[in-house]
Structures are given as structure tokens and as C-alpha cells.
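Single-letter residue listing:
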Amino acid sequence: MITGGSGNLGKALKRVFPEALSPTRREMDIRNQTMVDHYVATRRPSVIIHAAALTGVRPCEEDKENAWQTNVVGTENLVNAILLTCAPVKLVYVSTACIFAGDRGNYAEHDLPYPKNYYAFTKYIGETVARTTPISLVVRTNFVGRDPWPYPCAFSDRWGTYLFADEVALGIREVLEAALIGTVHIVGSERLSVLDLARMTKADVEPLSMAEYVGPPLTRDMSLDTVRWKRYSIGSGRGHAPPPTVEPASIGDGESRLEAPTQA
Ligand SMILES: NC(=O)c1ccc[n+]([C@@H]2O[C@H](COP(=O)([O-])OP(=O)(O)OC[C@H]3O[C@@H](n4cnc5c(N)ncnc54)[C@H](OP(=O)(O)O)[C@@H]3O)[C@@H](O)[C@H]2O)c1
């Protein structure tokens, strides 16, 4: 079962796991314990990939109640529903590089979290909640969709080990096949600036400096290391490219969208 199936990663996950259940928010609002209990009890999934979240840094900062209800209580509701089934359901919690301070980068699975904004804070608390399930895996990552970068500029001094969402979805399938539990980073092999990343999908993106940004605190260096898993090569294709999408163009990357200079 996949939560957040209409999101950027969720859509990619649905292509990688075409047989998976994927309740819409109308069918299962994760903030609603009764709905979550009912859906999980009646459908009896063996694995839940929890990708639903309030993902924008600014929306989380501006509506902390909704951020908490969605990212923390929503995860608690899934954990409670799993416990009610008394079945060995595995919970895969999709988390973010933003739970780290972002000052030095290259964070491995064992490094100290230090969330710098409310989004990152709720995602980190969500991790700790997910870990209370008997079988859990926290996947930290950083990704964008393959649609052309939707803004005229991008930060040249903000970095990450980005992947495309479909590559993260394939990585999640691989860590599931390997039966990993605990925490794992699914990361790209290259440390890229957001500008490098933007230019992979749109050539004429102009550089912008973090010094010009006004808004909630952002992690400057979101690059991740992994001591538990392999690294992936962004854009390598690997024969896993998804079929062309006919959905409206949307970068879908809440974390980056929020940080776009036009919205700062
Ligand atoms: N994007 C990144 O760079 C990035 C990096 C690292 C980790 N992550 C994590 O990866 C996951 C997916 O991110 P994304 O960028 O693909 O997200 P996204 O495109 O913003 O989509 C969010 C998804 O969550 C669903 N959702 C939100 N509130 C819900 C609720 N109350 N009940 C049910 N569903 C709800 C949305 O459904 P609706 O369509 O109904 O709104 C949507 O399907 C998130 O957990 C995010 O924190 C993202």
C-alpha cells in the first residue's frame, strides 16, 4: 500500500508497484484515525510505503497545526492501525535530508539530526513515530520529478545528492527486496547544486544565491552519504525510465517548490 499516491514520489511508486493499493485522501485522510484504521483493517496490506506528507517548508511554517497533524499524527495513525491488525506489516517511512542541519553536508544514516524548520522537525518526529512499529524502515532521500524546472532561476549555493523520483521509487523497491529495516539513505552519487539539478531538465535556468532568499530557514547542504546501501547515478536511466506522463507539468517537489526564489 502506498500513501501519497497522487504526489511526485507516489506517482513514481505506483509505476514501480502497479499492484499496490493507493488510497486517495478522500478514501483515507491520514489525519483521521478512524479512516486509517478502517482502510488498513479491511485491505490488510503487508507493506505500507508512507509517502503522504505536507511537504512544503513554507506551508508547514505557516500552518504548523496542519503540518503536525499530517506529518506526525498521520504517521501515528498508521502505526496504530498496523498495531491493531496484529499482523507483521512493514512500514516504510519516506523522510528527507532536511532533518540534518545542512551546514556540512554528506550526512550518513548515523549522523545527528538537527531540523532547522518546522517541516523538517515534523518529518523527524514522524521518523521516531514510524520506528515504534515492530517492522519499520526509514528512507531518507532527496528528489525532484523529471518535468522541466518550473522557475527561471535556481540556487547555485545549495546542494544535495538528488535523484529523480522514479529512481528513488526503484531504490525503495530494492531496499524492500533486500529486507532492510532501520534507517537507510537512498542517494545520488553526485553532490549537485540546485542549479545543476535544474539544468538537467531545463537548460536556460539562471543562478541565484541563498543570500537573496527570504523565508523560513533552509538547509544549505542537503547532501547525503550512505554506509548501508549503494549510491545511484542520477539520470542514468538504467532502463527504468517511466513511461511518458500526460499529467500537467509540475515539479511536484514540495521542498524545492517552497524554496523557489519566486515564492520566497
Ligand atoms: N520532494 C522532496 O524533495 C522530498 C525529499 C525528501 C523526502 N520527501 C518526502 O517524500 C514524500 C513524498 O514527497 P512528494 O514531494 O512526492 O510529495 P507531494 O508531491 O507534495 O505529495 C504529497 C502527497 O501527500 C498526500 N497527502 C497530504 N496530506 C494528506 C492527508 N492528510 N491524507 C492523505 N494524503 C495526504 C497528498 O495528497 P493530495 O493529492 O490529496 O494532496 C500527496 O499525494 C513526503 O513524505 C516527503 O516528506 C520529499
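Read on for a plain summary of the structure. (Residues numbered from 1 in each chain as written. Predicted model: local features only at pLDDT ≥ 70, side-chain atom pairs only at ≥ 80, totals over all residues.)

Focus: the overall build of the protein
Within the protein, the regular secondary structure consists of eight helices and 14 strands. The burial tally for the protein puts 48% of its 264 residues in the buried class. Across the protein, every contact between residues at least 6 apart in sequence was considered, and the portion connecting residues at least 24 apart equals 80%. (Helix = DSSP H or I, 4+ residues; strand = E, 2+ residues; numbered from the N terminus. Buried ≥ 20, exposed ≤ 12 C-beta atoms within 10 Å, placed from the backbone. Contact = placed C-beta atoms within 7 Å.)

Topic: the site of the ligand
Looking at the ligand, there are 30 residues lining it, with Gly-4, Gly-7, Asn-8, Arg-25 and Ala-53 nearest. Among the secondary structure elements, those contributing two or more residues to the shell around the ligand are helix 1 (8-16), helix 4 (64-85), strand 3 (90-96) and helix 8 (254-258). Looking at the shell around the ligand residue by residue, the classes come out as eight nonpolar, 16 polar and six charged. (Near = placed C-beta within 6 Å. Nonpolar A, V, L, I, M, F, W, Y, C, P; charged D, E, K, R; others polar.)

Details of the nonpolar core
Among the nonpolar cores identified, the biggest contains 71 residues, and Leu-9, Leu-13, Leu-91, Val-168 and Ala-169 are the most heavily contacted of them. Here the element with the most residues in this core is helix 5 (residues 118-130); it accounts for seven residues. Sequence-distant contacts of Leu-13, defined by excluding residues within four places in its chain, comprise Ile-2, Ile-49, Ala-51, Ala-169 and Ile-172. (Core = buried A, V, L, I, M, F, W, Y, C linked by C-beta atoms within 7 Å.)

A look at unusual backbone geometry
Phi at Arg-44 takes a positive value of approximately 50°, unusual for a residue other than glycine. Within the element layout of this structure, Arg-44 appears in the loop between helix 2 (33-43) and strand 2 (47-50). Positioned with a positive phi, Ala-179 is a non-glycine residue whose angle comes to about 60°. With respect to the element layout, Ala-179 can be found in the loop between helix 6 (165-177) and strand 9 (182-185).

Re the sheet that holds strand 1 (residues 2-3)
Reading across from one edge, 1-2-3-4-9 is the order of the five strands in this open sheet, with parallel pairing throughout. The outermost strands of the open sheet, each flanked by one partner alone, are strand 1 and strand 9. Against the sheet, helix 4 engages strand 2 and strand 3, with an angle of about 170° to strand 3. Taken strand by strand, helix 6 contacts strand 2, strand 3, strand 4 (135-141) and strand 9, and its axis lies near 150° from that of strand 4. (Pairing = 2+ DSSP bridges. Axes fitted to C-alpha atoms, helices over the stretch in contact; angles between N-to-C directions.)

Overview of the sheet that holds strand 7 (residues 159-160)
Ordered by their spatial adjacency, three strands build an open sheet running 11-7-13, and the pairing between neighbours is mixed. For this open sheet the edge positions go to strand 11 (192-193) and strand 13 (221-222), each flanked by a neighbour on one side alone. Bridge count for strand 7 against strand 11 is two bridges, and the pairing is antiparallel. Paired with Trp-159 across the two strands is Ser-193, which belongs to strand 11.

Topic: the packing of helix 4 against helix 5
The contact between helix 4 and helix 5 brings their axes to 9 Å, and the two run at 10°. As judged from the angle between their axes, helix 4 and helix 5 are roughly parallel. Judged by the twist between their axes, the crossing of helix 4 over helix 5 is right-handed. Packed against helix 4, whose contacting residues are Lys-64, Ala-67, Trp-68, Asn-71, Val-72, Thr-75, Glu-76 and Val-79, the element helix 5 presents Tyr-118, Tyr-119, Thr-122, Lys-123, Ile-125, Gly-126, Val-129 and Ala-130 at the interface. Of the residues in the contact of helix 4 with helix 5, the class split is nine nonpolar, four polar and three charged. (Parallel < 35°, antiparallel > 145°, perpendicular 65-115°, else oblique. Left-handed = near helix turned anticlockwise from the far one by under 90°.)

Re the environment of Leu-218
Along the chain, Leu-218 falls in the loop between strand 12 (206-208) and strand 13. Through-space distance from the C-alpha of Leu-218 to that of Ala-101 is 8.9 Å; in sequence the pair is 117 residues apart.

Some details on the environment of Met-222
Structurally, Met-222 can be placed in strand 13. Here Met-222 falls in the buried class, since 24 other C-beta atoms lie within 10 Å of it. Separated by 118 residues in the primary sequence, Met-222 and Arg-104 place their C-alpha atoms 8.6 Å from one another. Not counting residues up to four positions away in its chain, the partners in contact with Met-222 are Ala-97, Cys-98, Gly-102, Asn-142, Trp-159 and Gly-160.

What about helix 2?
Taken together, the buried positions of helix 2 are Val-36, Tyr-39 and Val-40. Down the axis of helix 2, the buried side of the element spans an arc of 90°, and every buried residue falls inside it. Facing away from the buried side of helix 2 by more than 90 degrees, the exposed set consists of Thr-34, Ala-41 and Thr-42. Buried residues along helix 2 sit in contact with helix 4. Immediately downstream of helix 2, the backbone of Arg-44 shows phi near 50°, a positive value. (Arc of directions from axis to C-beta.)

Quick word on the packing of helix 2 against helix 4
A pair of packed helices is characterised by two quantities: the angle between their axes and the separation of those axes. In the contact formed by helix 2 and helix 4, the axes pass within 9 Å of each other and the chain directions differ by 40°. Considering their axes alone, helix 2 and helix 4 lie oblique with respect to each other. Crossing of helix 2 over helix 4 shows right-handed handedness. Across from Gln-33, Val-36, Asp-37, Val-40 and Ala-41 in helix 2, the residues of helix 4 making contact are Asn-77, Leu-78, Asn-80, Ala-81, Ile-82, Leu-84 and Thr-85. Here the residues of the contact of helix 2 with helix 4 are counted per class, giving seven nonpolar, four polar and one charged.

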